[in-house]
Amino acid sequence: MTGALLLPASPATAQGSKVSSALEFAEAAEGLAPGDWVWAPEIAPAGPVTVLVDLTAQLAFVYRNGVNIGVSTVSTGKPGHETPTGVFQILQKDADHRSSTYNNAPMYFQERLTWDGVALHAGGLPGYPESHGCVHLPYNFAKELFQITSIGGTVVVTGRAGAPIRTLAGGVLAPVDELGGTATHHALADEENWEWDHRVPDEGPLSIIISTSDQRVVVMRNGQEVGRSRAVIEDHVGTHVATMHRGPDGKAHWVLIGVLGHEAEANHALDAMALHRLRLPAGFYDKLRERIEEGTTVLVTSASVGAHNSGRPMTLMAATD
């Protein structure tokens, strides 16, 4: 089944706007103008949702199953009304909330983080912190986010408004787990070709991320990294998403998802030539082959998944059916 992991090549899209088709979140995030946002929930259709708000960069990152599905510009608390940092749970949700403190002001798609008034909600986005402590989001982004979160969900607020930006808090893989703790992501050691964490239960949504820039494959289950491998990925450009389906004949097929900017790919089967563009270590290939099932999702991206060690010879096998 793993033979269809790599997707056909096509031109990359790298832009961010209110109707953006950009899927390279880690790359697009630095170029978003105030009010811009990117949203592609099909990348990880199931799994725990975590929101990370970066006060320094004035950005919010949304992760599902540990994979970035959205990023948006925000406006947080102004001096004297700073947005508190920490790990919060969503205490209350109200799509048509009105402020009891600020003259009945509308706070659409409010997701309360503290009982003293800090919340995520649609609001003004001038390009700098201007709120009284809340996290302002673009209206339509707030609406989309509201639909996939639940009471008790985790929101992590980090950074400091006005501080120099060195690196963004978010990326393709969630830096925090579903409880707000530090997620376990690390580069392979020089002597490692691949690894698999058998402590992660073999149940729940499975997402596979292929980084063409890092030449790495990362496997996520229920928001946790379960496996990572070196890979040889040939002749690939662009970002694509596919999911595993079983046809009437009972056979497994990888089918492309028509995410924004790639609508023409929807429901197309993979090009058979794509089967030969991915090489994986034999042991890692076997682990994937045993676990891929209907609903498994694959993201191919040029963004990094955090690989900093030099390569070394590998035992490879072609990814074929």
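For the structure, check the block above.
Residues numbered from 1 in each chain as written. Predicted model: local features only at pLDDT ≥ 70, side-chain atom pairs only at ≥ 80, totals over all residues. Heavy atoms only, no water.

**Looking at the overall build of the protein chain**
Right, on to step 1. Broken down by element type, the protein chain carries three helices and 20 strands.
Right, on to step 2. Relative to its full complement of 321 residues, the protein chain shows a buried share of 52%.
Right, on to step 3. In the protein chain, of all internal contacts separated by at least 6 residues, the share reaching a separation of at least 24 is 67%.
Right, on to step 4. Summed over its atoms, the accessible surface of the protein chain is roughly 14000 Å², and 50% of this surface lies on carbon and sulfur atoms. (Helix = DSSP H or I, 4+ residues; strand = E, 2+ residues; numbered from the N terminus. Buried < 20%, exposed > 50% of the residue type's maximum accessible area, 1.4 Å probe, protein only. Contact = heavy atoms within 4.5 Å. Areas by Shrake-Rupley, 256 points an atom, 1.4 Å probe, with all protein chains shown as cover.)

**Some remarks on the packing of aromatic side chains**
Right, on to step 1. Tallying each qualifying case throughout the model produces seven aromatic pairs.
Right, on to step 2. A ring pair is formed by Y108 and Y139, whose centres lie 6.0 Å apart and whose planes are at 75°; its orientation type is edge-to-face. You can see Y108 sitting in strand β7 (residues 106-112) and its partner Y139 sitting in helix α2 (residues 139-148), a full 31 residues away along the chain.
Right, on to step 3. In this structure, K93 is placed above the aromatic ring of F146, and the distance from its NZ or CZ to the ring centre is 4.3 Å. (Phe/Tyr/Trp six-rings, centres within 6.5 Å; stacked < 30°, edge-to-face > 60°. Lys NZ or Arg CZ within 6 Å of the ring centre and 35° of its normal.)

**Some words on the sheet that holds strand β6 (residues 92-98)**
Right, on to step 1. Read across the open sheet, the four strands follow the order β6-β7-β8-β9; overall the sheet is mixed. Both edges of this open sheet fall to β6 and β9 (135-137), since each of them pairs with a single strand only. Each strand of the sheet is rotated relative to its neighbour by a mean of 25°, with strand direction disregarded.
Right, on to step 2. One ladder, built from six bridges, connects β6 with β7; its direction is antiparallel. Bridging across to β7, D96 finds its partner in Y108. (Pairing = 2+ DSSP bridges. Axes fitted to C-alpha atoms, helices over the stretch in contact; angles between N-to-C directions.)

**Examining the pairing of strand β13 (residues 216-221)**
Right, on to step 1. Within β13, six of the six residues are buried, which leaves it mostly tucked inside the rest of the structure.
Right, on to step 2. As paired strands, strand β12 (residues 206-211) and β13 are joined by six bridges and run antiparallel to one another. Bridge pairing in β13 places I208 opposite V219.
Right, on to step 3. Once β12 ends, the chain turns through four residues before running back antiparallel as β13, passing Q215 with a positive phi of about 55°.
Right, on to step 4. Direction of pairing for β13 relative to strand β14 (residues 224-230): antiparallel, over a ladder of six bridges. Paired with R221 across the two strands is Q224, which belongs to β14.
Right, on to step 5. Between β13 and β14, which follow one another and run antiparallel, lie two residues, and N222 among them has a positive phi close to 50°.

**Structural notes on unusual backbone geometry**
Right, on to step 1. Phi at Q58 takes a positive value of approximately 55°, unusual for a residue other than glycine.
Right, on to step 2. For Q58, the position within the fold is in the loop between β2 (49-54) and β3 (59-64).

**Structural notes on the environment of V217**
Right, on to step 1. Mapped onto the elements, V217 comes out in strand β13.
Right, on to step 2. Assessed through its relative accessible area of 0%, V217 is described here as buried.
Right, on to step 3. When the C-alpha positions of V217 and V305 are compared, they lie 8.5 Å apart, and in sequence the two are 88 residues distant.
Right, on to step 4. Excluding anything up to four places from it in sequence, V217 contacts I208, I209, I210, G227, R228, S229, A231, L278, L280 and F284.

**As for the nonpolar core**
Right, on to step 1. By size, the foremost hydrophobic cluster in this structure holds 39 residues, and its most contacted members are V53, L120, L137, V155 and I209.
Right, on to step 2. A total of four residues in this core trace back to one element, the largest contributor, which is α2.
Right, on to step 3. Dropping the residues within four chain positions of it, L137 is found in contact with A60, V74, L120, H121, A122, G123, L125, A142 and L145.
Right, on to step 4. Grouped together as the second largest cluster of nonpolar side chains are 22 residues, W196, A231, M244 and I292 included. (Core = buried A, V, L, I, M, F, W, Y, C linked by side-chain atoms within 4.5 Å.)

**As for the side chain of H136**
Right, on to step 1. Following the sequence through the fold, H136 ends up in strand β9.
Right, on to step 2. A distance of 3.1 Å separates a polar atom in the side chain of H136 from the backbone oxygen of G124. (Polar contact = N/O pair within 3.5 Å; in protein donor to acceptor, adjacent residues only side chain to side chain.)

**A few points about the sheet that holds β14**
Right, on to step 1. Strand order in the open sheet formed by seven strands is β11-β14-β13-β12-β19-β16-β17, with mixed pairing between adjacent strands. Sheet topology places β11 (194-196) and β17 (252-256) at the edges, where each strand pairs with a single neighbour. Averaged over all neighbouring strand pairs, the angle between strand axes comes to 20°, with direction disregarded.
Right, on to step 2. Across the sheet, helix α3 (residues 282-291) lies against β11, β12, β13 and β14, angled at about 35° from β11, the strand it touches most.

**So, the pattern of salt bridges**
Right, on to step 1. All chains considered together, the criterion is met by five salt bridges.
Right, on to step 2. A salt bridge links R291 to D202; the shortest N-O distance between them is 3.0 Å. Here the residue R291 occupies a position in helix α3, and D202 occupies one in the loop between β11 and β12, the gap between them amounting to 89 residues.
Right, on to step 3. Relative accessible area serves as the criterion here: at 47%, D202 is assigned to the partly exposed category.
Right, on to step 4. One salt bridge connects E225 with R228, and the closest N-O pair in it is separated by 2.9 Å.
Right, on to step 5. Accessibility expressed as a relative area gives 0% for R228, which makes it buried.
Right, on to step 6. Salt bridges here are not isolated pairs; linked through shared partners, they connect D202, R221, E290 and R291. (Salt bridge = Lys/Arg side-chain N within 4 Å of Asp/Glu carboxyl O.)

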